[in-house]
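Read off the chains here:
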Amino acid sequence: MSTSTAFDIRTLDPLKDAELVHGWVTHPKASFWLMGDAALQDVEREYMAIAAAEHHDAFIGERDGVPVFLMERYDPAHVELVGLYDPEPGDIGMHFLVAPTDTPEHGFTRAVITAVMAHLFADPAVERVVVEPDVRNTAVHALNAAVGFVPDREIAKPEKTALLSFCTRKQFEAATGSETATGRDA
């Protein structure tokens, strides 16, 4: 078992972080990120566009000052899922990618998704997290289930067939045994 893992999450700097992220998104283990053939300049452009976007943000997660994961947060009413489902107030979309490593750590990816979800739910306006991973990505489906996601249905996106799934604050808290900041009195 891994010990407790604490992460710091900072805004991705498209120019400073492009080389790092390029290595992650083009790694064979990141095939579902759909950037396997991207050049460094493609990654810079993609994350510069995200940085400039009103409804999409990218972050780097660090452990002890070392970058270890990429996270994207988006408003599904404006990005990724427009016209594919009916968004509700408080919905937020999410993608995450753990950096490739030669020394895997048991439980690390689950610690990452738990930290990502806690970070999202730290915003009291967020009521439900929406994800749309590739239907073939069974590893991420298991991780999603572990933190409370419930599959809704398959949807056809231009780049993939996705499994639309949702996780409410209550489902996350029940699945992980954690409590998130909700602004309610105890």
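Procedures and definitions
Residues numbered from 1 in each chain as written. Predicted model: local features only at pLDDT ≥ 70, side-chain atom pairs only at ≥ 80, totals over all residues. Heavy atoms only, no water. Helix = DSSP H or I, 4+ residues; strand = E, 2+ residues; numbered from the N terminus. Buried < 20%, exposed > 50% of the residue type's maximum accessible area, 1.4 Å probe, protein only. Contact = heavy atoms within 4.5 Å. Salt bridge = Lys/Arg side-chain N within 4 Å of Asp/Glu carboxyl O. Axes fitted to C-alpha atoms, helices over the stretch in contact; angles between N-to-C directions. Left-handed = near helix turned anticlockwise from the far one by under 90°. Nonpolar A, V, L, I, M, F, W, Y, C, P; charged D, E, K, R; others polar. Pairing = 2+ DSSP bridges. 1 Å grid on protein atoms, 1.4 Å probe; cavity = no way out; pocket = protein on both sides within 12 Å on 5 of 7 lines; lining within 4 Å. Points joined across faces, edges and corners; volume = space filled by probe spheres on them.

1. A few points about the side chain of Asn-144
Reasoning step 1: Among the secondary structure elements, Asn-144 is positioned in helix H4 (residues 138–146).
Reasoning step 2: Classification of Asn-144 by relative accessible area gives buried; the value is 4%.
Reasoning step 3: If near-sequence neighbours (up to four positions away) are discounted, Asn-144 is found in contact with Ile-113, Val-131, Pro-133 and Phe-149.

2. Details of the pattern of salt bridges
Think of it this way: side chains of opposite charge can pair up when their charged atoms draw near.
Reasoning step 1: The full count for this structure, using the stated rule, is 13 salt bridges.
Reasoning step 2: Note that Glu-80 is salt-bridged to Lys-157, the shortest N-O span being 2.3 Å. Of the two residues, Glu-80 is situated in the loop between strand E3 (66–74) and strand E4 (91–98) and Lys-157 in strand E6 (residues 150–157); the sequence distance between them amounts to 77 residues.
Reasoning step 3: We classify Glu-80 as partly exposed; its relative accessible area is 28%.
Reasoning step 4: A salt bridge links Glu-132 to Lys-160; its shortest N-O distance comes to 3.2 Å. Of this pair, Glu-132 sits in the loop between strand E5 (128–131) and H4 while Lys-160 sits in strand E7 (residues 160–168); the two residues are 28 residues apart in sequence, bridging distant segments of the chain.
Reasoning step 5: Look at Lys-160 and you get buried, because its relative accessible area is 14%.

3. Things to note about the packing of helix H3 (residues 108–121) against helix H5 (residues 169–176)
Reasoning step 1: Two elements in contact, H3 and H5, have axes separated by 11 Å at closest approach and are oriented at 145 degrees. Of the two possible hands of crossing, H3 and H5 adopt the one that is left-handed. Within the contact between the two elements, H3 uses Arg-110, Thr-114, Met-117, Ala-118 and Phe-121 and H5 uses Arg-169, Phe-172, Ala-175 and Thr-176.
Reasoning step 2: In terms of residue class, the contact of H3 with H5 is made up of five nonpolar, two polar and two charged.

4. What about the sheet that holds E4?
Reasoning step 1: The strand order E1-E2-E3-E4-E5-E7-E6 describes an open sheet built from seven strands, whose pairing is mixed. At either margin of the open sheet sits one strand with a lone partner, and together these are strand E1 (8–11) and E6. Across the sheet, the mean angle separating the axes of adjacent strands is 30 degrees when strand polarity is ignored.
Reasoning step 2: As judged from the four bridges shared by E1 and strand E2 (residues 56–63), these two strands associate in the antiparallel manner. Residue pairing across strands places Ile-9 opposite Gly-61, the latter belonging to E2.
Reasoning step 3: Helix-sheet contacts for helix H2 (residues 40–52) involve E2 and E3, and the interaxial angle to E2 is about 110 degrees.
Reasoning step 4: H5 rests against E6 and E7 of the sheet, and its axis sits at about 80 degrees to E7.

5. Notes on the layout of surface pockets
Reasoning step 1: By volume, the largest pocket is sized at about 1,200 Å³.
Reasoning step 2: Counting only elements with at least two residues in the lining of the largest pocket, the list comes to H2, E2, E3, E4, H3 and H4.
Reasoning step 3: The biggest single contributor to the lining of the largest pocket is E4, with five residues.
Reasoning step 4: Here the residues of the lining of the largest pocket sort into 24 nonpolar, eight polar and eleven charged.

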